[in-house]
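Notes for the structure review
The chain contents come next:
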There are 2 protein chains.
Amino acid sequence: MLVTDVNEALPGGSSLLRNEPVQARSSARLTGLLDAAAGIIDEIGFERLTTAMVAERAGASIGTVYRYFPDRIAVVEALAARSIARLLERLGAAIGEADSADWHSALDLAITAQVEMYRSEPGFRAIRFSETETADRSGDADARRSLSDQLTSHLVDIFSLERTADLEFAIEVATEMSTSLVARAFLHDPQGDSRFLDESRVVVAAYLKRIPSA
Amino acid sequence: MLVTDVNEALPGGSSLLRNEPVQARSSARLTGLLDAAAGIIDEIGFERLTTAMVAERAGASIGTVYRYFPDRIAVVEALAARSIARLLERLGAAIGEADSADWHSALDLAITAQVEMYRSEPGFRAIRFSETETADRSGDADARRSLSDQLTSHLVDIFSLERTADLEFAIEVATEMSTSLVARAFLHDPQGDSRFLDESRVVVAAYLKRIPSA
DNA sequence: GGTTACCGAGCGGAACTCGATCATGGGCGA
DNA sequence: TCGCCCATGATCGAGTTCCGCTCGGTAACC
């Protein structure tokens, strides 16, 4: 498996977590709580998710939920953060394998990584809304950015060689287009409508071809 | 003003509304409640919106809120439905004026219509999340579809002459790309980042040029 | 034994109900 | 044509239920 310890993707500095797990059982708990939340969100949507449900499904008490998360919304945000971290890790591994990867084909790998996440990761769809709550509680910004936001800066970071404003913008646009088309593919079809998936690859490739610094 | 009676965009068949307004004062109430909700959402986000706030700002009692809406979430969904209805109406009017409109330029008008909505309609941003709750409670599907979904079928309807599966798909893809890029433009910049707005037009035009039946 | 983790009764506040009360307007008799 | 009547629409708000969250006490770890 690609994912080893994604709990580290939720640093204590971020206000997403109240207490950093220290003992082993604790980080198992955290994982269990997030898994429970993911399942619930898949079934009834995050708006209807209650902290009591999370506790029960994870075999914990309400108090334990609040030992880890400052409030109900933070549970969803932490789940989103974990999912995005897993996506980026997957992407990093994929780029590592394809050793001759340029930033051009990296966007294609990013699409593949997303598709895998939609198919294998419960609650991944929820990520699309994670921007929802970004609004109010500022201060720790980083862990709370949207999927396409983080994916963009990840890609930009990897290929920082010839970084120009135009290039960054192009990646931003391409990322936005691909994430939305992939999301569209999974909106109605739980397996992912292949027409949209194929088209997202075509569209991104065509778009990048028109970019000067490509 | 373009909008005459958008309450008709919330048919009683949809479970978004509990009771259809009959008397005049009633639909004024409904409008007032939705306006109140829109203002609140703009100010503090829909997660923090309480039914009591909506009631107070609209000068109504809590009971009245629940006379119209089955629950808190439905208020937001109804607002989204109204906003989408207004968008489509705006779009229809714009296409009507530009009498030689082909489906090509209609997509461009659709972008303009969206931009106007973001700029003038309180709470329009909230629409982006309205898909959130679509998930579970099925049965009345129609009024609960996402922005790009409804925009797509609206455009498809208007230009039904040469309707083919490929053409519909192309419109679907183009709509998805443009709605997401426009949303991106307004994500951080309340005035709408012009780079994204310009690029969305360019991207859509370029995409359509590659479609056979264009 | 000190720190970490867990529990769950209980509190406050927000979501939602329900029966009583007021407003409206179409019908009908004068 | 007018004006009263009352069925129905619309409003209200105290009260109930449910949910988010706290906190003091107990168990597990190292």
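Since we're looking at a predicted model, the values are computed, not measured. (Residues numbered from 1 in each chain as written. Chains lettered and ligands numbered in written order. Predicted model: local features only at pLDDT ≥ 70, side-chain atom pairs only at ≥ 80, totals over all residues. Heavy atoms only, no water.)

With respect to the overall build of chain A
Put simply, the rule is: Here a helix means four or more residues in a row that DSSP labels H or I, a strand means two or more in a row labelled E, and each is numbered from the N terminus. A 1.4 Å probe rolled over the protein chains alone gives each residue an accessible area, and that area as a share of the maximum for its type sets the label: buried under 20%, exposed over 50%, partly exposed in between. Any two residues whose heavy atoms approach within 4.5 Å are treated as being in contact. Where accessible areas are quoted, they stem from the Shrake-Rupley method and a 1.4 Å probe; at the residue level, only the protein chains shown are allowed to cover.
For chain A, the count of helices and strands is 8 helices and 0 strands. The N-to-C order of helical and strand elements in chain A reads α-α-α-α-α-α-α-α. Each of the 214 residues in chain A was classed as buried or not, and the buried ones make up 51%. Long-range contacts, defined as pairs at least 24 residues apart, comprise 69% of the intrachain contacts of chain A with a sequence gap of at least 6. For chain A, the accessible surface area stands at approximately 9,400 Å², while carbon and sulfur atoms represent 52% of it.

Concerning the protein's contact with DNA strand C
Keep this limit in mind: Only heavy atoms are used to decide nearness, and a residue is near a molecule or strand if one of them lies within 4 Å of it. N or O atoms closer than or at 3.5 Å make up a polar contact, with two conditions inside protein: a donor-capable atom paired with an acceptor-capable one, and, for residues adjacent in sequence, both atoms drawn from side chains. Three categories are distinguished: nonpolar for Ala, Val, Leu, Ile, Met, Phe, Trp, Tyr, Cys and Pro, charged for Asp, Glu, Lys and Arg, and polar for the others, with Gly belonging to the last.
In the region of DNA strand C, 22 residues are neighbours, and Val22, Arg29, Arg67 and Tyr68 of chain A together with Arg72 of chain B sit closest. Of all DNA strand C atoms lying within 4 Å of any protein atom, the proportion belonging to sugar or phosphate reaches 78%. In the environment of DNA strand C, a phosphate oxygen lies 3.1 Å from a nitrogen or oxygen atom belonging to the side chain of Ser26 of chain A. Secondary structure elements with two or more residues in the surface near DNA strand C: helix H1 (24-44) and helix H3 (62-68) of chain A together with helix H3 (62-68) of chain B. Of the residues belonging to the surface near DNA strand C, the class tally is 7 nonpolar, 8 polar and 7 charged.

A closer look at the interface of chain A and chain B
Filter applied, for reference: What makes a salt bridge here is a side-chain nitrogen of Lys or Arg within 4 Å of a carboxyl oxygen of Asp or Glu, nothing more.
Counting residues at the interface gives 34 residues for chain A, matched by 35 residues for chain B. As a salt-bridge pair, Asp149 of chain B and Arg184 of chain A come within 2.9 Å of each other at their nearest N and O atoms. Scanning the region where chain A abuts chain B turns up 11 residue pairs in polar contact (both at pLDDT 80 or more). At the level of elements, H1, helix H4 (72-97), helix H6 (147-158), helix H7 (165-188) and helix H8 (194-209) of chain A are the ones that each hand at least two residues to the side of chain A that touches chain B. Sorting elements by how many residues they give to the side of chain A that touches chain B places H7 of chain A first, with 10 residues. Among the residues forming the side of chain A that touches chain B, the class breakdown is 14 nonpolar, 4 polar and 16 charged.

Considerations on the relation of the copies chain A and chain B
Applied cut-off: The copies are overlaid by a least-squares fit using only the C-alpha atoms of residues whose pLDDT is at least 70 in both copies.
Mapping chain A onto chain B calls for a rotation angle of 177° and an axial translation of 0.1 Å; the resulting RMSD is 0.5 Å. Here the transformation between the copies is reduced to the relation of a two-fold axis. Measuring from the rotation axis to each C-alpha of chain A, the shortest distance belongs to Met177 of chain A, at 2.7 Å. Interface overlap between copies is the fraction of interface residues in one copy that are interface residues in the other; for chain A against chain B it reaches 94%, indicating a shared surface.

Considering the confidence of the model for chain A
Applicable threshold: The score called pLDDT rates the predictor's confidence residue by residue, from a low of 0 to a high of 100.
Residues with a pLDDT of 70 or more make up 82% of chain A, whose mean pLDDT is 85. Scored below 50 in pLDDT, residues 133-139 of chain A makes 13 contacts in the model with residues more than four places away or belonging to other chains.

A word on the packing of H7 of chain A against H8 of chain A
All names here are of chain A. Worth spelling out the cut-off: Geometry is summarised by axes, namely lines fitted to C-alpha atoms with helices restricted to the contacting stretch, and by angles between N-to-C directions that run from 0 to 180 degrees. Oblique is the label for any angle not covered by the other classes, which are roughly parallel (under 35 degrees), roughly antiparallel (over 145) and roughly perpendicular (65 to 115).
Two numbers describe how H7 lies on H8: the axes approach to 9 Å, and their chain directions differ by 170°. One element, H7, and the other, H8, form an angle in the roughly antiparallel class. Contacts between H7 and H8 pair Ala170, Val173, Ala174, Met177, Ser178, Leu181, Val182, Arg184, Ala185 and Phe186 from the former with Phe196, Leu197, Ser200, Val203, Val204, Tyr207 and Leu208 from the latter. Of the residues that constitute the contact of H7 with H8, the class distribution is 14 nonpolar, 2 polar and 1 charged.

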